[in-house]
Amino acid sequence: MIKTLYIKNFAIIKELKIPFKKGLTVITGETGSGKSVILKALGISIGGKISKYMVRSGKEKSIIEASINKIKIRRLISITGRSRAYLNDQPISLNDLKNHTGLSIDFHGQNEQQLILNSEIHIDYLDKYCGNDDKVKLLEFLFKENNHLNEKLENLKKNVDEKNNQISLLNFQASEIDSVNPKENEDITLDEQYKRLSHLKEIIQTINQTNHILFEKEEAVFSQIDYSRNLVSSIERYDSELSKVTKLLDSSIIQIQEVQSELFDQLSKLELKPEELQIVEDRLSSIETLKRKYGGSLNSVKEKRAYIQKELKVNKNPEKEQAVIIEKIKKVKEKFTDISIEVHKKRKEMASVLSLKIQNSMKNLNMPGSHFEIKIINKAQKNGFVKIINTCYEHNSKGIDNVEFYLSANPGEPTKPLSLIASGGEISRIMLAIKTVFEKLDPVETLVFDEIDSGISGNAAEKVASHLLELSKSKQVMCITHLSQIAIKADNHLHIVKHVEKDNTSVDYIYAEGNDREKIMNELFLGKKLRI
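Note that the coordinates shown come from a computational prediction; the quantities given were computed from them, not determined experimentally.

Colleague: If you had to explain helix α4 (residues 122–130) to someone new, which residues and values would you point to?
Modeller: Burial of α4 is extensive: seven of the nine residues sit out of reach of the surface. Of the residues making up α4, those classed as buried are His122, Ile123, Tyr125, Leu126, Asp127, Tyr129 and Cys130. Looking one or two residues past α4, glycine 131 carries a phi angle of roughly 75°, positive in sign.

Colleague: With reference to specific residues and values, describe the pairing of strand β1 (residues 2–10).
Modeller: Looking at chain direction, β1 and strand β4 (residues 61–68) are connected through six bridges and run antiparallel. Considered in β4, the bridge of leucine 5 is made with alanine 66. In sequence, β1 turns back onto strand β2 (residues 13–19) through a hairpin of two residues, with alanine 11 there showing a positive phi of about 55°.

Colleague: So what about the sheet that holds strand β16 (residues 492–501)? Which residues, and what values?
Modeller: With respect to topology, six strands assemble into an open sheet ordered β8-β14-β15-β3-β16-β17, the strand pairing being mixed. Two strands close off the open sheet at either side, each with one partner strand: β8 (105–108) and β17 (504–511). Pairwise comparison of adjacent strand axes, ignoring direction, gives a mean angle of 15° for this sheet. Pairing analysis gives four bridges linking strand β3 (residues 24–29) to strand β15 (residues 476–480), with the strands arranged parallel.

Colleague: Residue-level account of the packing of helix α5 (residues 133–180) against helix α10 (residues 274–293), with values.
Modeller: One way to put it is that α5 packs onto α10 with a least axis distance of 10 Å and a crossing angle of 145°. For the pair α5 and α10, the sense of crossing is left-handed. For the pair formed by α5 and α10, the contact residues are Phe172, Glu176, Ile177 and Val180 on the first element and Arg283, Ser286, Ile287, Leu290 and Lys293 on the second. For the contact of α5 with α10, the residue count by class is five nonpolar, one polar and three charged.

Colleague: Please set out the pairing of β2 residue by residue, giving values where relevant.
Modeller: As paired strands, β1 and β2 are joined by six bridges and run antiparallel to one another. When the bridges of β2 are listed, phenylalanine 10 appears paired with isoleucine 13.

Colleague: I'd like a description of the packing of helix α6 (residues 186–198) against α10, backed by residues and values.
Modeller: Remark: α6 packs on α10, axes separated minimally by 9 Å, with the N-to-C direction vectors making an angle of 145°. For the element pair α6 and α10, the recorded crossing hand is left-handed. Between α6 and α10, the contacting residues are Glu186, Asp187, Leu190, Asp191, Gln193, Tyr194, Leu197 and Ser198 on the first element and Glu276, Leu277, Val280, Glu281, Arg283, Leu284, Ile287, Glu288 and Lys291 on the second. Its residues assigned to classes, the contact of α6 with α10 shows seven nonpolar, two polar and eight charged.

Colleague: How would you summarise the nonpolar core if you had to cite specific residues and measurements?
Modeller: With 54 residues, the main nonpolar core has Phe449 and Leu468 as its most contacted residues. With eight residues, the top contributor of residues to this core is helix α14 (residues 424–439). Sequence-distant contacts of leucine 468, defined by excluding residues within four places in its chain, comprise Leu24, Leu432, Phe449, Ile452, Val477, Cys479 and Ile486. Formed by 35 residues, the second largest nonpolar core is a distinct cluster that contains Ile18, Met478, Ile480 and Ile496.

About the cut-offs
- Residues numbered from 1 in each chain as written.
- Predicted model: local features only at pLDDT ≥ 70, side-chain atom pairs only at ≥ 80, totals over all residues.
- Heavy atoms only, no water.
- Buried < 20%, exposed > 50% of the residue type's maximum accessible area, 1.4 Å probe, protein only.
- Helix = DSSP H or I, 4+ residues; strand = E, 2+ residues; numbered from the N terminus.
- Pairing = 2+ DSSP bridges.
- Axes fitted to C-alpha atoms, helices over the stretch in contact; angles between N-to-C directions.
- Left-handed = near helix turned anticlockwise from the far one by under 90°.
- Contact = heavy atoms within 4.5 Å.
- Nonpolar A, V, L, I, M, F, W, Y, C, P; charged D, E, K, R; others polar.
- Core = buried A, V, L, I, M, F, W, Y, C linked by side-chain atoms within 4.5 Å.

What follows is the structure, given as structure tokens:
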């Protein structure tokens, strides 16, 4: 039950705090006085949509507070269009707020009356009565999952040739790298071998020439040094300091002899083998080709090979991936089919029950000759996967059923789609009849009606008034009304007044009682302002 509503700087309302009472409360006031603004604020307090244009002109933010049962809700609306919500002074998300208050208040306005003409939502009313909500949510999930898996399968089929080509390329590249199988730094080693082998003749000639110069030709270097050493040695007896020269020449002789030994050793290893040069040249060419194709270095070739290995593992068998998805689709379809058939049977069973209850409720609203029918339509489809007996049916996100409300407002007339024949007054009463049936299912404590009396008058208005009064015996009921038949039967009469002084607008209220109520009723319903 709503106990109080506090509004500050919201639309035309500067500041207002309204206590609400039990029973049936009618809300009256002149056009533009702020009646709908108050209900809008109430809707926002329990999670309704906001806009920055709701903030009163010249103010930075709006404040709306509602006391509902034992909880206090506050919403702050900024001029930037942002809002914050609090539950018992603790921050709360909008979704959590809606979930927390969803079973407390039920709003019924002109928008909902228009929605009832949309046949696509008729199935939602039937499912609510059947208690199918959880199963329908699962159907919607399975429907999306089936579409997602089928799309994924199509993409796989489209890309299978591309993937096979990619696998072929990866296998070729792996084979190309593996056939060479380069070792670490092998390119450097081979380059050195190639330089040596490609200049082998020059190396041999130079070694032989060096040996000849040092040891074999006339006046060879070795002979000249040895001769020089002997000369110096012969005069050491005259000057002992010359022994230093002798020792240095002895060292030179030893060094040159080691040079000769090394030359012979190198020469012994050298042998002209044209095939060896060709082998090195081919190997080096293969490695350089790999380097050129796969990154410029042996490290990059190695990294490429590791990448290929990983990709081949992932894309090893695209057909197998398709098979996995096909199996998933099969299971999703089986589950969707089972639940669709179960929900279909429940809808068929309860459609006539709900139709009769709504029809009986409509009779209490001055529509005695009317006939209300809920039709369930199923369309056969050759390639459908939901099968009952020997027939396959077209499916949608809620199973295999299409539901539509049919109405005959006059005895003897066949029922026709509600959207084609219902008048404004009939829509109001049909919605009230539906609301009455469902309010017995949903334990909401407060019903709020915004102009439920649209398009009705006379005896129909009397019936609607009696209906609202009956509802108010078990629930708190509030409604904006234009009709005296409804206003006069209310337990409480909340009258909204707008004051305009110069450029300043304010909104106030009174709970009209006794003489005040009679005066207001006369002004509203007996004078010129019959519809406010």
